[in-house]
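# Observations on the three-dimensional arrangement
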Amino acid sequence: PTLVTAYLLTRSINNPLRRLQYMTAQVAAGDFTHRTSVRRKDELGALAESLNTMAVQLETRNGLLRAETESSSQMLSAMTEGVLLADSEGRLVRNNPAAERILGVDLSQEQGTALVIAARAFPSHWLAEKAREAGHPITEVLELPSGQSLAVEVLPLTTDYGPEGDVRSTSETGDRPPMLFVIRDETARRNTERMRRDFATNVSHELKTPLAGLSLLAETLGRTVKEDPDQAEKFVTQLSNEISRLTELANDLLTLSRLEEPGTVTEAAFVPVDVSQLTTEVVDEVRAAADAKRHQLTVTAGSGLRVLGDEVALSTMLRNLVENAV
């Protein structure tokens, strides 16, 4: 009877312990949905209830973590700026599609690879060292051999990622914090700024000539209006021509400003334009300048040639082309 009692007592303890051990193994393996079926009124029952409660909490936290990770991934994918995260050893931890597009590299299989190898044209090591020396976020503008202009913000982080994905303080890794690179492609904007500067320079040059002519004509006209009325009349004509030239320049500036605004030119505003007639009219306007330089200016065009377009804009375009040719 004693042996039977001991066997039954041992069995009543070992079986729940095995189930509890199995549950802890499942939870440790990542199965937070597993629950133990041990139902007792003693210490083993209390332990089983605590383990089930722990599993519920872990399942809830894991769900929140998954949702946050998914949300972060969606935000990274939607960003137009490129994002690169490198650990304290300079190895790529994470990136978004914009970084691949801007740098022109495929990083989908490069996690864990040194960033200087995964993206060779991107000077990540130099940028990281500069940010480490500064001790705070820095911003650099890079001119790549491909002709790209990149604005890169480099942020030293206070936490690092271990080899198994665990998060640890940078105090554990010495004085080499991980780096976050935020990359913006500034090529189009800088090209636009360069074009604007060139345009402003050209406009200033174009304005100097008529302004100088107006000043000289006004000064001369003041002296000759009483002495030589016939000559003064010629000066008035030249003065009017210079004013017309300035007016055309001002109109061209307004036209360019209007064309830069989206939606200002629509197909609904286009009308049939006789290209032959329009070209003849433009050439007649420029003919005086061509004759002054002894250039022969002729028009060869078939009759009845029509296009759908903005007549004013087409006239401006043709006049600019012919004036530049002259």
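No experiment lies behind these values; they were computed from the predicted model shown.

The subject of this paragraph is the overall build of the protein. Along its length, the protein carries nine helices and nine strands. Burial analysis of the protein (326 residues in total) assigns 27% to the buried set. Across the protein, contacts joining residues at least 24 apart in sequence account for 53% of those joining residues at least 6 apart. If you sum the accessible surface of the protein, you get close to 21800 Å²; carbon and sulfur atoms cover 55% of it.

Grouped together as the largest cluster of nonpolar side chains are 23 residues, with contacts concentrated most on Leu 84, Phe 122, Leu 150, Val 152, Val 154, Phe 181 and Ile 183. Elements represented by at least two residues in this core include exactly β1 (82-86), α3 (97-103), α4 (115-118), α5 (124-134), β3 (138-143), β4 (149-156) and β7 (179-185). Ignoring any residue separated from it by four or fewer positions in sequence, one finds Leu 150 in contact with Ile 102, Leu 103, Glu 140, Val 141, Leu 142, Leu 144, Ile 183, Arg 184, Asp 185 and Glu 186. Of all hydrophobic cores here, the second largest spans nine residues; its members include Leu 20, Leu 44, Leu 51 and Ala 55.

Our focus in this paragraph is the confidence of the model for the protein. Of all residues in the protein, 82% have pLDDT values of 70 or greater, and the mean over the chain is 79. Confidence, expressed as mean pLDDT per element, reaches its minimum in the protein at strand β6 (residues 167-169) with 53 and its maximum at β7 with 93.

Moving on, we get to the side chain of Ser 124. Here Ser 124 lies in helix α5. With relative accessibility at 4%, the residue Ser 124 sits in the buried group. Each residue touching Ser 124, except ones within four places of it in the same chain, is listed here: Leu 115, Val 116 and Phe 181.

For the rest of this paragraph, the subject is the sheet that holds β1. Think of a sheet as strands paired side by side through backbone hydrogen bonds, with each pair either parallel or antiparallel. Spatially, β2-β1-β7-β4-β3 is the arrangement adopted by the five strands of the open sheet, whose pairing is antiparallel. Two strands bound the open sheet, and with one partner strand each, they are β2 (92-95) and β3. The mean inter-strand angle of the sheet, taken between neighbouring strand axes irrespective of direction, is 20°.

Conventions adopted
Residues numbered from 1 in each chain as written. Predicted model: local features only at pLDDT ≥ 70, side-chain atom pairs only at ≥ 80, totals over all residues. Heavy atoms only, no water. Helix = DSSP H or I, 4+ residues; strand = E, 2+ residues; numbered from the N terminus. Buried < 20%, exposed > 50% of the residue type's maximum accessible area, 1.4 Å probe, protein only. Contact = heavy atoms within 4.5 Å. Areas by Shrake-Rupley, 256 points an atom, 1.4 Å probe, with all protein chains shown as cover. Core = buried A, V, L, I, M, F, W, Y, C linked by side-chain atoms within 4.5 Å. pLDDT = per-residue confidence, 0-100. Pairing = 2+ DSSP bridges. Axes fitted to C-alpha atoms, helices over the stretch in contact; angles between N-to-C directions.

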